[in-house]
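# An overview of the molecular structure
Read off the chains here:
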Amino acid sequence: MPVPRTPYSGFLPTGFMLAVCFLLQGCPSPYEMRHENQWDSREQIGMAEASQVKLRAAQSRVFDTSDSRRILVAVVSTMQDLNFKVQVLDEELGVVSGKLLMSFERPYYPDLYYNLYDDQSLLLFSKNYRMWGPFWHRSDLVRLTVTVRKRNEKQSVVRASLQFYLQAVENPEPYQRFFQTIEKSLFLEGHPVQGPG
Amino acid sequence: MQPTEFFELTAESPANKAMQSRLFETGNEKELLSASAAVLQDLGFQVDDIVREVGMVRAVKERSAREHGQDISHFFVALFTLGYVGIPVDLQQKITAVLVARPTDYAGMRSEVRVTFYRVVWKGEGHFERNQIPPGEQRMEMIYDPVIYQQFFAKLSKAVFLEAHTL
Amino acid sequence: MRDGITIGKMLVLAGLLLMQGCAAPQPSPDLLAPTEAQTKLRSFQSRTFDVADRKVAMRGVIAALQDLGFIIERANEPLGLVTAARFAEPDNRSVVGVTVTVRPQADGRTMVRANAIFNNTPIDDPKVYQNFFATLARSLFINKEE
């Protein structure tokens, strides 16, 4: 015998849809969903030992030369080819660092401060209770730091660390390609770092 | 706090200094700075500025500041107000480390390394009834957790093959 | 006809008065000329120290600022410039900024000058600068002792 349909059964799916709509307002937006979630955001200040070891292996190579200038010149030229804005270059300390803006998000209001944003200045922060404008600047920012340290008389350790969309890049592929380019400029081969970091 | 107080040492100043500084039995400042940059890189930081003449290195990292707890609060507030109120949640943070190395004696046999960690956190967007709250509300936080400083100096000590003495 | 001219004059006058708001403000000739008050301010913003080396003085300034809980923003050694800021904890929306310049003098001593700003307003309370120089003296003196 078929179940009699009540006069209200048609409202159920509609009611459900309305409830879902209300609930969805409480859900994070797609942009927010792209941000890593955690219980305590202070965990990001340091770095877990396990992540460090993994990254170190992917990011470091040993080159059979102690000429850090030669390595730095090759690194800077590669960064220029990639359109990075090289901001830090210190030969004696063996550090090169640069940044690049890749626009993933298109802000829905015109944002004049996007490119003018001076993210170094602290004095800017207190001017407004809410800092308008370059909100997407941070997630669009790609940072690359390369350090060159002498391992011994004849070898140097080159380590490249990449930051992309608010995360440290752990995938070894971008680093492999980067080191391939450096190796070609130096006519040297880069070996992985063996032994304890 | 009044402006005059900002230029006075407080009761916490010596404790903060002890937490943030270590002494190394070396006058080789370049090695200390180079190793510091490498240690910061190891901790996920990106070098942002170097002023070698005064022994300063600044490193930053931008990360997500999203927290489960805030997402849950946001969800329940939206639920109980039937979608009228959407509280902005923490979304992004920029953690900065400013490090200064300097000699502590004229003989050039000892140096002090002092590092300060702080972060700035930005909130995402929200809404209140029909009004949209734009994203970008910010707050800053000086980091006074001794663990991060200990972690940093433990690594620095290993990188320069020297013991890190407390003040 | 006289009424017409009077109304006309009034309209022109009103127009001229209104136009005042449309003109861009002009800088006063004294904008770049420090006043006596500003010159007097400079005296307690500066102090000379018995330090011969600019680098040593700059390091002392940086150490003193760090002791006071400031975050070093910029440092330029050849120009003897240090910029630092700190958030007015616990009110983390107010910022105290300070610009310090270090200049070697002809007599072998070094002049240190500090400009402090609290949320875009310059601080002209001499006590603030006294406190800063006291901390700086301690920092330079400690350096000298060792």
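What comes next is a walk through the structure. (Residues numbered from 1 in each chain as written. Chains lettered and ligands numbered in written order. Predicted model: local features only at pLDDT ≥ 70, side-chain atom pairs only at ≥ 80, totals over all residues. Heavy atoms only, no water.)

What follows covers the interface of chain A and chain B. Think of interface size as the accessible area that goes away when the parts come together; that is how it is often given. Listed as interface residues are 61 residues of chain A and, on the opposing side, 64 residues of chain B. Between chain A and chain B, roughly 5900 Å² of surface is buried when both sides are summed, and carbon and sulfur atoms account for 50% of that area. Summed over the shared surface of chain A and chain B, the result is nine salt bridges. For the salt bridge of Arg52(B) with Glu92(A), the shortest nitrogen-to-oxygen distance reads 3.4 Å. The greatest single-element share of the side of chain A that touches chain B, amounting to seven residues, is contributed by strand β5 (residues 141-150) of chain A. (Contact = heavy atoms within 4.5 Å. Buried area = accessible area lost by both parts, 1.4 Å probe. Salt bridge = Lys/Arg side-chain N within 4 Å of Asp/Glu carboxyl O. Helix = DSSP H or I, 4+ residues; strand = E, 2+ residues; numbered from the N terminus.)

Further remarks concern the side chain of Ser64(B). Along the chain, Ser64(B) turns up in strand β3 (residues 56-64). Not counting chain neighbours up to four residues away, the residues in contact with Ser64(B) comprise His35(A), Glu36(A), Gln38(A), Gln44(A), Leu166(A), Leu91(B) and Gln93(B).

What follows covers the packing of helix α4 (residues 68-81) of chain A against helix α6 (residues 172-186) of chain A. Residue and element names in this part refer to chain A. Remark: α4 packs on α6, axes separated minimally by 9 Å, with the N-to-C direction vectors making an angle of 125°. One way to sum up the angle between α4 and α6 is to call them oblique. The handedness of the crossing between α4 and α6 is right-handed. Where α4 approaches α6, its residues Arg70, Ile71, Ala74, Val75 and Thr78 are matched on the opposing element by Phe178, Thr181, Ile182, Ser185 and Leu186. Looking at the contact of α4 with α6 residue by residue, the classes come out as six nonpolar, three polar and one charged. (Axes fitted to C-alpha atoms, helices over the stretch in contact; angles between N-to-C directions. Parallel < 35°, antiparallel > 145°, perpendicular 65-115°, else oblique. Left-handed = near helix turned anticlockwise from the far one by under 90°. Nonpolar A, V, L, I, M, F, W, Y, C, P; charged D, E, K, R; others polar.)

It is worth spelling out the packing of aromatic side chains at this point. Counting across every chain of the model gives 14 aromatic pairs over all chains. Here Phe152(B) and Phe153(B) contribute two aromatic rings whose centre-to-centre distance is 5.2 Å and whose plane-to-plane angle is 75°, an arrangement assigned as edge-to-face. Take Phe152(B) and Phe153(B): they sit in the same class, and that class is buried. Arranged with centres 6.0 Å apart and planes meeting at 45°, the rings of Phe44(C) and Tyr129(C) form a pair that is tilted. Pair noted here: Phe44(C) is in helix α2 (residues 36-45) and Tyr129(C) is in helix α4 (residues 126-145), with a separation of 85 residues, a long-range link. Using a relative accessible area of 27% as the deciding quantity, one classes Phe44(C) as partly exposed. The buried category is assigned to Tyr129(C), whose relative accessible area is 2%. Three or more aromatic residues joined by ring pairs form one cluster here, namely Phe7(B), Phe49(C), Phe70(C), Phe132(C) and Phe133(C). One Lys or Arg, Arg138(A), reaches over the ring of Trp122(B) and ends 3.4 Å from the middle of that ring. Above the face of the Phe45(B) ring, Lys61(B) is positioned so that its terminal group lies 4.8 Å from the ring centre. (Phe/Tyr/Trp six-rings, centres within 6.5 Å; stacked < 30°, edge-to-face > 60°. Buried < 20%, exposed > 50% of the residue type's maximum accessible area, 1.4 Å probe, protein only. Lys NZ or Arg CZ within 6 Å of the ring centre and 35° of its normal.)

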